[in-house]
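Now for the letters of each chain:
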Amino acid sequence: MKTSVKAAVRPGSRAKAQPSGAGPRKEHFTYGAWTKGKFSEVVTVTGPGTLIFLAGVGSEDENDGAIRHKGDFLGQCRYAFDKIERLLARHGATLGDIVKMVTYVTDIRCLPEYNKFRRELFGKRPLPAHTFLNIMQLAWPGMAVEIDVIAAVPERPARRASR
């Protein structure tokens, strides 16, 4: 039986799914200690297949939220994409499953460097749909890049997210 989430997420926990008949099942996940109670880092929508929505991922340390690689744009990109790959892997996905990205930066002059990095990161895989936005400031001082990701994973038997 398919279920959909009808309950709010408790800080530091996974949403409880309740039966509601046919339709997709939505689940919320929070992994970083500093994000608990603030927002869901990952939301999945399953049935058939799974849509995975990652909250904006930047260079925040998973434990305390401190910004890593201040003043180093590419260092922040590498760290953010390392986190993206790990979050996707916890839900049975890879960079190749990304269908849409939105990248926010505080300095538009980083665009050529970011495009080169992204092409190298994705290799021969097709690049996902992408929006690149220059904004005045991100959530934390010293943060230079933040990336929203949506991935789509075809239905696979016995796929379970790690907690």
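Residues numbered from 1 in each chain as written. Predicted model: local features only at pLDDT ≥ 70, side-chain atom pairs only at ≥ 80, totals over all residues. Heavy atoms only, no water.

As enumerated under the stated definition, the model contains 7 salt bridges in all. Its salt-bridge partner being Arg 68, residue Asp 61 comes within 2.7 Å of it at the nearest N-O pair. A salt bridge links Lys 116 to Glu 120; its shortest N-O distance comes to 3.9 Å. Of this pair, Lys 116 and Glu 120 are both found in helix H2 (residues 111–122), 4 residues apart, which corresponds to roughly one turn of the helix. The burial state of Lys 116 is the same as that of Glu 120; both residues are exposed. Ionic contacts of the salt-bridge type, sharing partners, join the residues Glu 62, Asp 82 and Arg 86 into one network. (Salt bridge = Lys/Arg side-chain N within 4 Å of Asp/Glu carboxyl O. Helix = DSSP H or I, 4+ residues; strand = E, 2+ residues; numbered from the N terminus. Buried < 20%, exposed > 50% of the residue type's maximum accessible area, 1.4 Å probe, protein only.)

A few words on the packing of aromatic side chains. In total, this model carries 5 aromatic pairs according to the counting rule given. Seen from their ring centres, Phe 29 and Tyr 31 are 6.2 Å apart, and the 5 degrees between their planes marks the pair as stacked. In this structure Tyr 31 comes out as buried when scored by relative accessible area, which is 18%. The interplanar angle of 75 degrees and the centroid separation of 5.8 Å between the aromatic rings of Trp 34 and Trp 140 together place this pair among those described as edge-to-face. Here Trp 34 is found in the loop between strand S3 (25–29) and strand S4 (42–46), whereas its partner Trp 140 is found in the loop between strand S7 (129–134) and strand S8 (145–153), with 106 residues between them in sequence. Given the relative accessible area of 37%, Trp 140 is considered partly exposed. (Phe/Tyr/Trp six-rings, centres within 6.5 Å; stacked < 30°, edge-to-face > 60°.)

Here we come to the pairing of S8. Consecutive side chains along a regular strand alternate between the two faces of the sheet. Where strand S5 (residues 50–57) meets S8, 6 bridges bridge the pair, whose relative direction is antiparallel. If you follow Val 57 over to S8, its bridge partner there is Ile 147. When strand S6 (residues 98–105) meets S8, the two strands line up antiparallel, connected through 7 bridges. The residue bridging Ile 98 from the neighbouring strand is Ala 151, located in S8. (Pairing = 2+ DSSP bridges.)

Our next topic: the confidence of the model for the chain. In the predicted model, the chain carries a mean pLDDT of 84, and the fraction of residues at 70 or more is 82%. Taken element by element, the chain is modelled with least confidence in strand S1 (residues 3–5), mean pLDDT 32, and with most confidence in helix H1 (residues 73–89), mean pLDDT 98. Below pLDDT 50 for its whole length, residues 1–19 participates in 46 contacts with residues either more than four positions away or in separate chains. (pLDDT = per-residue confidence, 0-100. Contact = heavy atoms within 4.5 Å.)

Quick look at the environment of Ala 93 now. Within the secondary structure, Ala 93 sits in the loop between H1 and S6. With a relative accessible area of 5%, Ala 93 lands in the buried category. Each residue touching Ala 93, except ones within four places of it in the same chain, is listed here: Ile 52, Leu 88 and Val 153.

A few words on unusual backbone geometry. The step from Gly 47 to Pro 48 runs through a cis peptide bond, and the omega angle for that step is -25 degrees. Among the secondary structure elements, Pro 48 is positioned in the loop between S4 and S5.

Let us now look at the sheet that holds S8. Read across the open sheet, the 6 strands follow the order S3-S4-S5-S8-S6-S7; overall the sheet is mixed. Each edge of the open sheet is held by one strand with a lone partner, namely S3 and S7. On average, each strand axis in the sheet is tilted by 10 degrees relative to the strand beside it, whichever way the strands run. Pairing analysis gives 5 bridges linking S4 to S5, with the strands arranged antiparallel. Across the sheet, residue Val 45 finds its bridge partner in S5, namely Leu 51. Here H2 sits on the sheet and contacts S6, S7 and S8; the angle it forms with S6, its principal contact strand, is near 155 degrees. (Axes fitted to C-alpha atoms, helices over the stretch in contact; angles between N-to-C directions.)

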